[in-house]
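What follows is each chain in one-letter form.
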Amino acid sequence: MDPIERLSSLFEKFPGIGPRQARRFVQYLLASPSSSRGELSELIKRLGAETSQCKRCYRWFVKQSAKATGPADLCPICASASRDSSIIFVVEKDADIENVERSGFRGLYFVLGGTIPLASEDIPKHVRVLELLKRVQFDTAEKLKEIILGLSATTEGDHTRLILGEKLRESNIKISALGRGLSTGSELEYADPDTIASALSSRN
Ligand SMILES: [Zn+2]
């Protein structure tokens, strides 16, 4: 396959990108100076070499320099001693965390990886329910008191909240959901920090 077709088909695999948009990306790259293409390919290579997935919350982060303190397999938030480890905010994806951080939340996180489809019998592999249960078990020994399920206000989000609520029931930890302010279907990734702060303070 020639590089134009090959790259188009790779871009098509990106979330939300169709064949026409994929073609436009390639056309854009063709018209760009070769230095921009070089920078892009260099950054993609560095993405693999310089990032790591946190062993505790599963978010992707840029590895710290050798000088930095803290365990190498934990992200800066999980490794920080100044975060409130009594609360875990469960989000669907990495991008949600950046937004919740702007709302002033200072607890810890867990990236679930997605929601559970209504029709599916089993929990999809990319949804980290087992990993969350393990994390809760481990953290309870420390001082975990509350889990906030910050999932999308969609039917799939509700379904996932229900399943997680059932599975976490025996843990005797308070399970809360975000309160008013986040309208049906709105996602954390797009909500503004004030709306998130308000939904956090009215959680139930
Ligand atoms: Zn982490």
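Heads up: the structure comes first, above all this text.
Just so we're clear, the structure is a prediction, and the values are computed from it rather than from any experiment.

Thoughts on the coordination of the zinc ion
No. 1: The protein atoms that coordinate the zinc ion are C54 (SG), C57 (SG), C75 (SG) and C78 (SG), at distances of 2.3 Å.
No. 2: Given 4 donor atoms and angles of 108 to 115 degrees at the metal, the environment of the zinc ion is assigned as tetrahedral.
No. 3: Site description for the zinc ion: donor spacing in sequence, C-x2-C-x17-C-x2-C. Here C54 is found in the loop between strand 1 (51–53) and strand 2 (60–62), whereas its partner C75 is found in the loop between strand 2 and helix 4 (76–79), with 21 residues between them in sequence. Note on accessibility: C54 and C75 belong to one class, buried.

Description of the environment of L168
No. 1: Position of L168 among the secondary structure elements: in helix 7 (residues 155–168).
No. 2: We classify L168 as buried; its relative accessible area is 1%.
No. 3: Between the alpha carbons of L168 and I147 there is a distance of 9.4 Å; along the sequence they are 21 residues apart.
No. 4: The contact partners of L168, leaving out residues within four places of it in the chain, are L132, L133, V136, I147 and I175.

What about the sheet that holds strand 5 (residues 146–149)?
No. 1: Pairing is parallel in the open sheet, where 4 strands are placed in the order 4-3-5-6. Edge positions in the sheet fall to strand 4 (108–111) and strand 6 (174–177), since each of these pairs with one other strand and no more. Ignoring strand direction, the axes of neighbouring strands in this sheet form an average angle of 25 degrees.
No. 2: Most of the contacts of helix 5 (residues 94–102) go to strand 4, to which it runs at about 160 degrees, and overall it touches strand 3 (87–91) and strand 4.
No. 3: Packed on one face of the sheet, helix 6 (residues 129–140) meets strand 3, strand 4 and strand 5 and runs near 155 degrees to strand 4.

Details of the pairing of strand 6
No. 1: Sheet analysis places strand 5 next to strand 6, joined by 4 bridges and oriented parallel. Across the sheet, the residue bridging to I147 is I175, located in strand 6.
No. 2: Note that the unit made of strand 5, helix 7 and strand 6 has a crossover that is right-handed.

Procedures and definitions
All chains use their own residue numbering, which begins from 1 and follows the written sequence. With the structure being a predicted model, the display of local features is reserved for residues of pLDDT at least 70 and the display and counting of side-chain atom pairs for 80 or more, all residues being used for whole-chain, interface and lining totals. For the side-chain quantities, the full set of heavy atoms in the structure was used; hydrogens and water were omitted. In this analysis a donor is any N, O or S atom within 2.8 Å of a metal ion (3.2 Å for sodium, potassium and calcium), and since water is not included, sites may seem incomplete. Site shape is set this way: if four donors have all angles between 85 and 135 degrees, tetrahedral; if opposite donors are over 155 degrees apart and all others between 65 and 115, square planar for four donors and octahedral for six; otherwise irregular. Numbering goes from the N terminus for both helices and strands, where a helix is a DSSP run of H or I of at least four residues and a strand is a run of E of at least two. Relative accessibility thresholds used throughout: buried, under 20% of the residue-type maximum; exposed, over 50%; partly exposed, between the two (1.4 Å probe, protein chains only). The contact criterion used is simple: two residues touch if any of their non-hydrogen atoms lie within 4.5 Å. When DSSP finds at least two bridges between two strands, those strands are taken to pair. Lines fitted to C-alpha atoms define the axes here, with helix axes fitted over just the stretch in contact, and angles between the N-to-C directions of these axes take values from 0 to 180 degrees. Orient the strands so they point away from the viewer, and a crossover whose first-strand-to-second-strand path over the helix runs clockwise is right-handed.

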